[in-house]
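The residues making up each chain are set out below.
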Amino acid sequence: MIEIKNITKTFGAFTAVDNISFTVEEGETVVFLGSSGSGKTTLLKMINRLLEPDSGEILIDGHRIVDQRAEDLRRKMGYVFQNTGLFPHYTIGENIATVPRLLRWDRQRIEQRTTTLLEKLQLSPAQYLAAYPRELSGGQQQRVGIARALAADPPILLMDEPFGALDPITRSNVRKDFKELDELRSKTIVLVTHDIQEAFELADRILLMDKGRIVQQGTPDELLFKPGSDYVRQFLQEQRFQLEAERIAPGDYPALIRAFDHFKTRES
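Every chain is numbered on its own, with residues counted from 1 as its sequence reads. Only residues with pLDDT of at least 70 get local features here, since the model is predicted, and only at 80 or more are side-chain atom pairs given and counted; chain-wide, interface and lining totals rely on the full set of residues. Each side-chain value is derived from all of the structure's non-hydrogen atoms; neither hydrogens nor water enter the calculation.

1. Thoughts on the layout of surface pockets
Each pocket or cavity is described by its volume, and for the largest pocket that value is around 470 Å³. Only runs of H or I of at least four residues qualify as helices and only runs of E of at least two qualify as strands under DSSP, and these elements are numbered from the N terminus. At the level of elements, α2 (70–75), β6 (77–80), α4 (98–102) and α7 (138–150) are the ones that each hand at least two residues to the lining of the largest pocket. Split by residue class, the lining of the largest pocket holds ten nonpolar, four polar and four charged. In this analysis the probe radius is 1.4 Å and the grid spacing 1 Å, with only protein atoms considered; a cavity is a set of points the probe fits into but cannot get out of, a pocket is an open set with protein on both sides within 12 Å along at least five of seven lines, and lining residues have an atom within 4 Å of a point. Surrounding the second largest pocket, 14 residues form its lining, Ile60, Asp61, Lys76, Pro155 and Ile156 being those nearest its centre. Looking at the lining of the second largest pocket residue by residue, the classes come out as seven nonpolar, four polar and three charged. Grid points are joined across faces, edges and corners, and a volume is the space filled by probe spheres set on the points. Only Asp, Glu, Lys and Arg are considered charged, only Ala, Val, Leu, Ile, Met, Phe, Trp, Tyr, Cys and Pro nonpolar, and every remaining residue, Gly among them, polar.

Structure follows, in structure tokens:
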């Protein structure tokens, strides 16, 4: 479990995160959703001490993260960056093996784990193990970034706009393969995105943020059908029809008609 208690972070006169508290349960996928500057990435970086809060505290499994060495903490967490963050002079195999080597895994175990993850992420080990990041497409590099984050089998996975740099078709394909990974079933995942569709597709719970604060948190359906404010309603408005239509059971034509009528009313 991750516990965030009254966290505040400022940069000069700008308050990036403003007295935020929430928990992430073990095995839960929580998405920080919001526009640029809402504080979501700053909040994510404080969980693994890439940034330190000005006040408040963060606990993982009941232990304060400030009582641990930052290096030790990060080795227990996978981190996926928007722009992959792969080491350009390392092969794909070496990139994936970064943390297991730091943890002093034996060579055979590292090779087996690396091969397994490449296969699960639809990348042929024979073709890609000895390749370099520059030889891969953006989607392939992001798959490698995910494999590297999962390599040491950490219980927590942090993801900062992991699919944001990809074109729409590639993003959809990588997101689909990511969602189907059996590796994720035992993970606690915290993901940052400004993509509403992505948040609704991946989240167990969404924290919608604005100006450093949580505007509303809840399941995707709770935000969609029970918006707590005009801000939440307006934030989702442009994609509301699509989001509602995706939640209508096959053959439920009355519900589809209601959603379409709502869409026409909004457009008129």
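Once you've had a look at it, read on.
2. Thoughts on the pairing of strand β8 (residues 188–193)
Burial within β8 is extensive, with six of its six residues counted as buried. Classification of residues uses two cut-offs on accessible area relative to the type maximum, computed with a 1.4 Å probe and protein chains only: under 20% is buried, over 50% is exposed, and between them is partly exposed. Of the two faces of β8, the one lined by Thr188, Val190 and Val192 and the one lined by Ile189, Leu191 and Thr193 are each fully buried. For two strands to be treated as a pair, DSSP must find no fewer than two bridges joining them. Here five bridges tie strand β3 (residues 29–33) to β8, and the two strands are oriented parallel to one another. Within β8, the position partnered with phenylalanine 32 by the bridge is valine 192.

3. Some points on the packing of aromatic side chains
A pair of aromatic rings is counted whenever rings of Phe, Tyr or Trp (Trp by its six-membered ring) have centres within 6.5 Å, and the orientation is called stacked for planes under 30 degrees apart, edge-to-face for over 60 and tilted otherwise. In total, this model carries five aromatic pairs according to the counting rule given. Arginine 109 extends its terminal NZ or CZ atom over the ring of tryptophan 105, reaching a point 3.6 Å from the ring centre. Between the NZ or CZ atom of arginine 148 and the centre of the ring of phenylalanine 87, over which it lies, the distance is 5.4 Å. Charge-over-ring placement is defined geometrically: NZ (Lys) or CZ (Arg) within 6 Å of the ring centre, and within 35 degrees of the ring normal.

4. Section: the packing of α7 against helix α8 (residues 168–179)
Two numbers describe how α7 lies on α8: the axes approach to 10 Å, and their chain directions differ by 25°. With respect to their mutual orientation, α7 and α8 come out roughly parallel. Here the hand of the crossing between α7 and α8 comes out right-handed. Across the interface between the two elements, Gly139, Arg143 and Ile146 of α7 pack against Thr170, Asn173, Val174, Asp177 and Phe178 of α8. Axis lines are fitted to C-alpha atoms, over the contacting stretch for helices. Their N-to-C directions set the angle, which ranges from 0 to 180 degrees. Note on terminology: angles under 35 degrees are roughly parallel, angles over 145 are roughly antiparallel, angles of 65 to 115 are roughly perpendicular, and the others are oblique. Helix crossings are classified by the rotation of the near helix relative to the far one: an anticlockwise turn of less than a right angle makes the crossing left-handed, while a clockwise turn makes it right-handed. We call two residues in contact when some of their heavy atoms are within 4.5 Å.

5. Remarks on the sheet that holds strand β7 (residues 156–160)
One open sheet accounts for six strands, arranged β6-β7-β8-β3-β9-β10; its pairing is mixed. Here the strands that pair on one side only, and so sit at the sheet edges, are β6 and β10 (213–218). Between one strand and the next, the sheet's axes are offset by a mean angle of 15°, whatever the strand orientation. Note that strand β9 (residues 205–210) and β10 share five bridges and pair antiparallel. Counted as the bridge partner of leucine 208 is glutamine 216 from β10.

6. Observations regarding the pattern of salt bridges
Note on definitions: salt bridges are taken to be side-chain nitrogens of Lys or Arg within 4 Å of carboxyl oxygens of Asp or Glu. Overall, the coordinates contain 19 salt bridges when judged by the stated rule. Here lysine 187 makes a salt bridge to aspartate 153, at a shortest N to O gap of 2.4 Å. Of this pair, lysine 187 sits in the loop between α8 and β8 while aspartate 153 sits in the loop between α7 and β7; the two residues are 34 residues apart in sequence, bridging distant segments of the chain. A single network of salt bridges, built from pairs that share partners, joins Arg113, Lys120, Asp182 and Glu183.

7. Some points on the sheet that holds strand β2 (residues 14–24)
Read from one edge to the other, the open sheet built from four strands follows the order β2-β1-β4-β5, with strand pairing classed as antiparallel. Strands with a single pairing partner mark the edges of an open sheet, and in this sheet they are β2 and β5 (63–64). As paired strands, strand β1 (residues 2–11) and β2 are joined by seven bridges and run antiparallel to one another. Counterpart to isoleucine 7 in the pairing with β2 is isoleucine 20.

8. Some points on unusual backbone geometry
One non-glycine residue, asparagine 6, lies in the positive phi region at around 50°. By the element assignment, asparagine 6 lies in strand β1. With a phi close to 55°, aspartate 153 is a non-glycine residue in the positive phi region. Its relative accessible area of 44% is what places aspartate 153 among the partly exposed residues.

9. Some remarks on the environment of arginine 143
Following the sequence through the fold, arginine 143 ends up in helix α7. The spacing of arginine 143 and proline 155 is twelve residues in sequence and 19 Å in space, taken between C-alpha atoms. Other than its neighbours up to four places away in sequence, arginine 143 contacts Leu121, Gln122, Leu123, Asn173, Val174 and Asp177. Pairs of N or O atoms within 3.5 Å make up the polar contacts considered here, provided that, within protein, one atom can donate a hydrogen while the other can accept it, and that residues adjacent in sequence are counted only when both atoms are side-chain atoms. At 2.6 Å, the side chain of arginine 143 forms a polar contact with the side chain of aspartate 177.

In short, geometric facts, not functional conclusions.
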